[in-house]
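Structure assessment
Letter by letter, the chains look like this.
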Amino acid sequence: MTIIKGTENEFHDDEIIGIDYDQKTEVLKLSIRKSLDDKLEVLVVEKVVDLDLGPFRYQNVIFGIKEYEADELSESIIKEFEIDDFYIRNKKHGFLIIDSSIGMSGYIIFRL
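Okay, so let's go over this structure.

Analysis parameters
Residues numbered from 1 in each chain as written. Predicted model: local features only at pLDDT ≥ 70, side-chain atom pairs only at ≥ 80, totals over all residues. Heavy atoms only, no water. Helix = DSSP H or I, 4+ residues; strand = E, 2+ residues; numbered from the N terminus. Core = buried A, V, L, I, M, F, W, Y, C linked by side-chain atoms within 4.5 Å. Buried < 20%, exposed > 50% of the residue type's maximum accessible area, 1.4 Å probe, protein only. Contact = heavy atoms within 4.5 Å.

Another point: the environment of Asp85. Structurally, Asp85 is set in helix 2 (residues 85-90). Separated by 21 residues in the primary sequence, Asp85 and Gly106 place their C-alpha atoms 16 Å from one another.

On to the nonpolar core, then. Within the largest apolar cluster, 16 residues are counted, with the highest numbers of intra-cluster contacts made by Leu30, Val45, Ile98 and Ile108. Elements with a minimum of two residues in this core: strand 2 (27-33), strand 3 (40-45), strand 4 (48-54), strand 5 (61-69), strand 6 (93-102) and strand 7 (105-111). Considering each element in turn, this core owes the most residues, three residues, to strand 2. Setting aside residues up to four positions removed in sequence, Val45 forms contacts with Glu26, Val27, Leu28, Leu96, Ile108 and Phe110. Residues Tyr68, Leu73, Tyr107 and Ile109 belong to the second largest nonpolar core, which totals 13 residues.

Here it is, written out as structure tokens:
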């Protein structure tokens, strides 16, 4: 599964119930329970080079997930998540920003 630009509400009110990151393969998997039908989906992000996700709590309800390229990140996002300037200047990275209603939020940086 990949995230397509402009579909940040595709995960609205869904819940992250698991995280699996394999540093050797650079693959991150987020297990997500869909709010409408309780089905489980796995969001797979490949070529992960950095991430900051937390805090993982009893409930981790998603407000939205949105994909950005470096030149699309607003100053407020960069400041809020304290994203390293190296990744922004490099222009060879994509960013997933997870905005939560409850629980875990953060960012995932991956090579394009």
